[in-house]
Amino acid sequence: MRASVTTPRPESSSPHRTYTERRAAAEAELKRLDGVNARYANLRTVAFLAGLALAGFVLAGRLPKTWWWAAGGAFVVYGVLAVLHHRIFLREERQRLYVQLNDRGLARLTRGWHDFADRGERFLTGSHLYAADLDVFGQGSVFQLMNETATKAGEERLAAWLSWPAQADTVVTRQGAARELRPRVEFRQDVCVEARTVAKEKADPGLFIQWAESGPSLTSIRWARPVAVVLPLVTLALLILGSFEVIPGRAWWAGVLVHLAVVRATRGPLRAMEERMSAGEHGFVRYAPIFERVERERFEHPELRRVQAGLQHEGEPPVSTHLKRFSWLYSFVEFKRHQFHPVVHLFTLWDVHALFALERWKEQHGPRVRGWFEALAELEALSCLAGLAFDRPDFIWPTIEAGGPKVQTTAVGHPLLDAPVLNDVELPGPGCALLLTGSNMSGKTTLLRAVGLNTVLALAGAPVCAKSFSVSPLQVLTSMRVKDSLERGVSYFYAEVQRIKAVLDAAAAAKGQAMFLLDEILLGTNTRERQIASREVLRLLLATGAIGGVTTHDLSLATLADEHAGKVVNMHFRDHLENGKMVFDYQLRPGVVDTTNALRVLRMAGVPVEDPEQSTSPPAPSPTNLPSPSGRGTG
C-alpha cells in the first residue's frame, strides 16, 4: 500500500465543443423555423380572409353562387395550412428541447448540474448500506449528475444499478455497451427529445404494464361483440325497408330500443375497462416514435443488439408498429370526449367496437409489453453511463477482477469535484485496511468517499475518476453521516451502534466480499470505551476478510498496524502554516500524523481558546485566516 499524488489531467474540450455546436445548430434551425412559422401564419390569415370575403360577396349577390366553391376551397386551404402550421410548431418544440438538452450537457461540464431538478431523493432509504454517505442520491449526487433518462422505468433502472453492485460479467457487458454509446450523442439526445415531446413529465409505464398484463376485462359481456356488428346493420335495414314502405315505417324504432338496452347492459364493464386503461396510458399511445428511433439505430455490441432484439419478435412487425396500432385504436376511445359521442354510440355501439378491439390488442401483445419497456429502460440506463464517459473524457473504464475483495487504484479522485486532488490507494486482498489520521479538514473523509463512490460507479458499469482502477465485485459498506432520531427516540450514539451492527452483519453476509468505510466511529461515548470498542469493531470486520478504510483522531488505534502487520497500514494527511494561514495539500502520506490543528482552527474562527500546555497563548488570528472552503477535502 503506497501513497502518491498525481497532478489533475486537463479536461478535454471535446464535450464542450460538441454541446456548443449542437446547441448553435438547434438555435439556427429554431430561428429558421420562426421565419417559416411567420409565413404560415400570414398565409393562414390570407386564406381565411379570402374565404370570408368570397362568402360575403356571394351572400351579397355580387358574385354568382358557383363562387361558393371558391370560398370552400379557401377554407380547405386554410385547414391544410393549419395542419402544416401545427407541424412547424412541433418542430420548433423539438428544437427547443435540443437546446435544453445541450444546455444541460454544458451544465454537466461545470457545477451547473447542481441545479438539475431530478435528484433521486425517492431512492434514498435510511437503511441503505452506502447511498446517503456517498452522495449517490440527493442534492449534489452522482445520480443528479448522470440522470438523463426519458421514462420513470429508465430512471429506476439507473437507480438500481447505482444501489447494488453487479457481477463481474454484467459489469463488463455494460462497459462494452456504454463504450459504443459514448460518442453517439445524437442518438442519445434523439431518444430524450422523442420522450419529452410527448410528455412534459417522465412517464411511468407501470400502470400501462399492469393493464396490459391484466386478464380479460370484457368476459362478462362477450355476447356484445357479435351483437355490436349485427344490430346496427339490422336497424339500418329496418330503416331502409320502412322508408320504402316494405314494412311499417316505425319498425326501426324497435332496433333503437334494443340499442338502448345493449348500451345500458354494457355500460359498467366498458367504463371499468376504460378507466383502468386510461389510468395507465398517460402518453404511451405516443411513444411509438421513441421505439422507432431505437429500432432505426444500428448497433455492434451484443448487449445493445440483445436489447434491440427485445423490441421485435421474429416474423412480426417491430414494437413501434404495435404501439402505432394501439394509438390508432385508443383514438376511437378518446372520441368519447366529443359532443356527438352519445348519439354515435347509440346508433353504432361505438364503444363496444373500440374497447373490444383494444381487448384483442391486449390479448395479442400484453404479455410482451413489460419486456418492451424493460428493454427501453436498459438502453436509457446504458446511455447514462455513456453520457458520464462522454462528459468526463479523463475518466477511465475500471478493470473488473475475480477473487478479491480487492481495490487498487492510482490517481483516484472524487468524481463529483471539479478539480479533485488525486491519490493512490491499494487494498490488495482480504483483511487489508487503511487507518487514516490527520488534522481537521485535511481530506480524510473525502478520500473515503472518493474510493467508495468510484467503486459504486465501477460496479454499476460506469467509468471512474482515476488513472487506473482495479476492483473485484464487492459490497460497499459505510458509516459516515449517522443521524439521531427524536421521532424514533434514538440517540446519536445508539444510531451509530445500529449502523455499525448493520455494517458488521452485511460484511459477514457477504463472506468478506465487502469494503467498509468508517468515518470517526463511536464519537458519542467516552474516550476509553471508544478506543476499546473501535478496536473490537475493526477486529470483527477484518476477521470477515473484508477490506476498508477508517478515519480517526484517536492515535492509539495506530497500533493496529503492528497487530496486523502487512494488512493494516497507517496513512495520514496534514496541514501547515503559511503567513498565518492553514494550508492543506490533501496529499496522502504514510505513517501517523504528528500534528494537530483543532485549537488553531478555533482561534482562527475567533474563539479565544487557550492551550493549557502552553504558558502563554498566542493572540487569536483573524477569522479571515481560515482557509476558504474549496470542496477539495474535508474531515
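Our structure's up above, just so we're on the same page.
Here the structure is a predicted model, which is why all the values come from computation and not from measurement.

Colleague: Kindly report on the overall build of the chain, identifying the contributing residues and their values.
Modeller: Across its full length, the chain holds 19 helices and 13 strands. Here the chain holds 635 residues, and 48% of them are scored as buried. In the chain, of all internal contacts separated by at least 6 residues, the share reaching a separation of at least 24 is 76%. Of the accessible surface of the chain, which amounts to about 30,500 Å², a share of 58% is contributed by carbon and sulfur atoms.

Colleague: Can you lay out a positive patch on the surface for me, pointing to particular residues and giving the numbers?
Modeller: Positive charge collects at one region of the surface, where Arg 222, Arg 225, Arg 325 and Arg 360 lie side by side. By secondary structure assignment, the location of Arg 222 is in the loop between helix H7 (206–213) and helix H8 (224–243). Classification of Arg 222 as exposed rests on a relative accessible area of 52%.

Colleague: Go over the sheet that holds strand E8 (residues 514–519), please, and point to the residues and values.
Modeller: A sheet is described by the order of its strands in space; here 6 strands give the open sequence E7-E8-E9-E5-E10-E13, paired in mixed fashion. Both outer strands of the open sheet, strand E7 (475–479) and strand E13 (589–590), are each paired with one neighbouring strand and no more. As defined by bridge partners, E7 adjoins E8 across 5 bridges and the pair is classed as parallel. From the neighbouring strand, Ser 479 faces E8, where its bridge partner is Leu 518. In the packing of helix H15 (residues 444–460) onto the sheet, contacts are made with strand E5 (433–438), E7, E8, strand E9 (547–551) and strand E10 (568–573), and the angle to E8 comes to roughly 155°. Contacting E7 and E8, helix H16 (residues 492–509) runs over the sheet at an angle of about 165° to E7.

Colleague: Residue-level account of the side chain of Thr 478, with values.
Modeller: Mapped onto the elements of the fold, Thr 478 is located in strand E7. When near neighbours in sequence (up to four residues on either side) are disregarded, Thr 478 contacts Leu 129, Tyr 130, Asp 133, Leu 134, Arg 499, Val 503 and Leu 517.

Colleague: Lay out the nonpolar core with the relevant residues and their values.
Modeller: Counting 136 residues, the largest nonpolar core has Val 136, Leu 162, Phe 291, Leu 358, Met 515, Phe 516 and Leu 518 as its most contacted members. Of all the elements, helix H14 (residues 350–391) adds the most residues to this core, at 20 residues. Aside from chain neighbours lying at most four places away, what touches Phe 516 is Ala 433, Leu 477, Val 503, Leu 538, Leu 541, Leu 542, Ala 546, Ile 547, Gly 548, Gly 549 and Val 550.

Colleague: Give me the side chain of Ser 217: which residues, what numbers.
Modeller: Locating Ser 217 in the fold gives a position in the loop between H7 and H8. Side chain to side chain, Ser 217 and Lys 362 meet in a polar contact 3.2 Å long.

Colleague: Just give me the short version of the environment of Lys 152, but keep the residues and values in it.
Modeller: Tracing the backbone through its elements, the reader meets Lys 152 in helix H4 (residues 152–163). Residue class for Lys 152 comes out partly exposed when judged on its relative accessible area of 27%. Sequence-wise, Lys 152 and Asp 204 are 52 residues apart; in three dimensions their C-alpha atoms are separated by 4.8 Å. Each residue touching Lys 152, except ones within four places of it in the same chain, is listed here: Arg 122, Lys 202, Ala 203 and Asp 204.

Colleague: Tell me about helix H6 (residues 185–198), and please be specific about residues and values.
Modeller: Along an α-helix, a turn takes 3.6 residues, which lines up residues three or four apart on a common side. The terminal C-alpha atoms of H6 lie 21 Å apart, and with 14 residues this matches the ideal 20 Å at 1.5 Å per residue to within 8%. Extensive coverage of H6 is indicated by the burial of 11 of its 14 residues. Along H6, the residues classified as buried are Val 185, Phe 187, Arg 188, Gln 189, Asp 190, Val 191, Cys 192, Val 193, Glu 194, Ala 195 and Val 198. Next to the buried residues of H6 lie helix H1 (14–59), helix H2 (68–108), helix H5 (168–181), helix H10 (288–296) and H14.

Colleague: Give me the packing of H1 against H2: which residues, what numbers.
Modeller: How two helices sit against one another is set out by the angle between their axes and by the gap between those axes. Axis separation between H1 and H2 bottoms out at 7 Å; the angle between their running directions is 165°. Relative to H2, the element H1 is oriented roughly antiparallel. Crossing of H1 over H2 shows left-handed handedness.

Colleague: Hey, could you go over unusual backbone geometry for me, with residue numbers and the actual values?
Modeller: Of the consecutive residues Gly 404 and Pro 405, the connecting peptide bond is found in the cis state with omega at 10°. In this fold, Pro 405 is placed in the loop between strand E2 (399–400) and strand E3 (407–412). Even without being glycine, Leu 349 reaches a positive phi, approximately 55°. In this fold, Leu 349 is placed in the loop between helix H13 (341–348) and H14. With a relative accessible area of 0%, Leu 349 lands in the buried category.

Colleague: Please set out a nonpolar patch on the surface residue by residue, giving values where relevant.
Modeller: The grouping of Leu 236, Leu 239, Ile 240, Leu 241, Phe 244 and Val 246 at the surface amounts to a nonpolar patch, some 570 Å² of accessible area in total. Inspection of the secondary structure assignment puts Ile 240 in helix H8. The partly exposed category is assigned to Ile 240, whose relative accessible area is 40%.

Colleague: Mind laying out the environment of Glu 536, listing which residues take part and the relevant values?
Modeller: Within the fold, Glu 536 resides in helix H17 (residues 527–543). Polar side-chain contacts of Glu 536 include one of 2.8 Å to the side chain of Arg 539.

Colleague: I'd like to hear about the packing of aromatic side chains, residue by residue, with values.
Modeller: According to the stated counting rule, one finds 21 aromatic pairs in the structure shown. Note on Phe 326 and Trp 361: the rings are 4.9 Å apart at their centroids and 55° apart in plane angle, and the pair reads as tilted. Here Phe 326, found in helix H12 (residues 319–334), pairs with Trp 361, found in helix H14; they are 35 residues apart in sequence, far enough to count as distant. The same class applies to Phe 326 and to Trp 361, which are both buried. Put simply, the rings of Phe 208, Trp 211, Phe 291, Phe 326, Tyr 330, Trp 361, Trp 372 and Phe 373 touch in pairs and so form one group of aromatic residues. Sitting over the ring of Trp 161, Arg 174 keeps its end group 3.9 Å from the ring centre.

Colleague: Let's hear about the pattern of salt bridges: which residues, and what values?
Modeller: On inspection of all chains with the given rule, the structure shows 33 salt bridges. Linking Arg 23 and Glu 27 is a salt bridge whose minimum nitrogen-to-oxygen distance equals 2.5 Å. Of this pair, Arg 23 and Glu 27 both sit in helix H1, 4 residues apart, which is roughly one turn of the helix. Judged by relative accessible area, Glu 27 falls into the partly exposed class, the value being 34%. One salt bridge connects Asp 391 with Arg 108, and the closest N-O pair in it is separated by 2.6 Å. You can see Asp 391 sitting in helix H14 and its partner Arg 108 sitting in helix H2, a full 283 residues away along the chain. For the pair Asp 391 and Arg 108, a shared accessibility class is recorded, and that class is buried.

Reading the values: the criteria
Numbering of residues starts from 1 in every chain and runs along the sequence as written. pLDDT decides what is reported in this predicted model: residues at 70 or higher carry local features, side-chain atom pairs at 80 or more are listed and counted, and totals for whole chains, interfaces and linings draw on all residues regardless. Neither water nor hydrogens contribute to the side-chain values; these are computed over all heavy atoms in the structure. Think of it this way: any DSSP run of H or I at least four residues long counts as a helix, any run of E at least two long counts as a strand, and we number them from the N terminus. Under the scheme applied here, a residue whose accessible area is under 20% of the maximum for its type counts as buried, over 50% as exposed, and between as partly exposed, the area being computed with a 1.4 Å probe on protein chains only. Throughout, a residue-residue contact means that at least one pair of heavy atoms, one from each residue, lies within 4.5 Å. Residue exposure ignores everything except the shown protein chains as possible cover, and the areas themselves are Shrake-Rupley values with a 1.4 Å probe. For patch building, the residue pool is restricted to those with more than 30% relative accessible area and no salt bridge; the joining distance is 9 Å between like charges and 5 Å between nonpolar side chains (Val, Leu, Ile, Met, Phe, Trp, Tyr). By definition, a salt bridge exists where a carboxyl oxygen of Asp or Glu is found within 4 Å of a side-chain nitrogen of Lys or Arg. None of His or the chain ends enter the tally, which takes Lys and Arg as positive and Asp and Glu as negative. By convention, charge coordinates are those of NZ in Lys, CZ in Arg, CG in Asp, or CD in Glu. Note on pairing: two strands pair once DSSP finds at least 2 bridges between them. Simply put, an axis is a line fit to the C-alpha atoms, just over the touching stretch for a helix, and the angle between two N-to-C directions goes from 0 to 180 degrees. Working definition of a nonpolar core: buried Ala, Val, Leu, Ile, Met, Phe, Trp, Tyr and Cys residues. They are joined through side-chain atoms within 4.5 Å. Whenever a nitrogen or oxygen atom comes within 3.5 Å of another N or O atom, the pair is scored as a polar contact, on the condition that within protein one atom can donate a hydrogen and the other can accept it, and that pairs from neighbouring residues in sequence are kept only if both atoms are in side chains. Any helix carries an expected span of 1.5 Å times its number of residues minus one. Each angle gets one of four labels, with under 35 degrees taken as roughly parallel, over 145 as roughly antiparallel, 65 to 115 as roughly perpendicular, and the rest as oblique. What makes a crossing left-handed is the near helix being turned counterclockwise from the far one by less than a right angle; a clockwise turn instead makes it right-handed. For Phe, Tyr and Trp, where Trp contributes only its six-membered ring, two rings pair if their centres lie within 6.5 Å, and the inter-plane angle classes them as stacked under 30 degrees, edge-to-face over 60, or tilted in between. Two limits define a charge over a ring: the Lys NZ or Arg CZ must be within 6 Å of the ring centre, and within 35 degrees of the ring normal.

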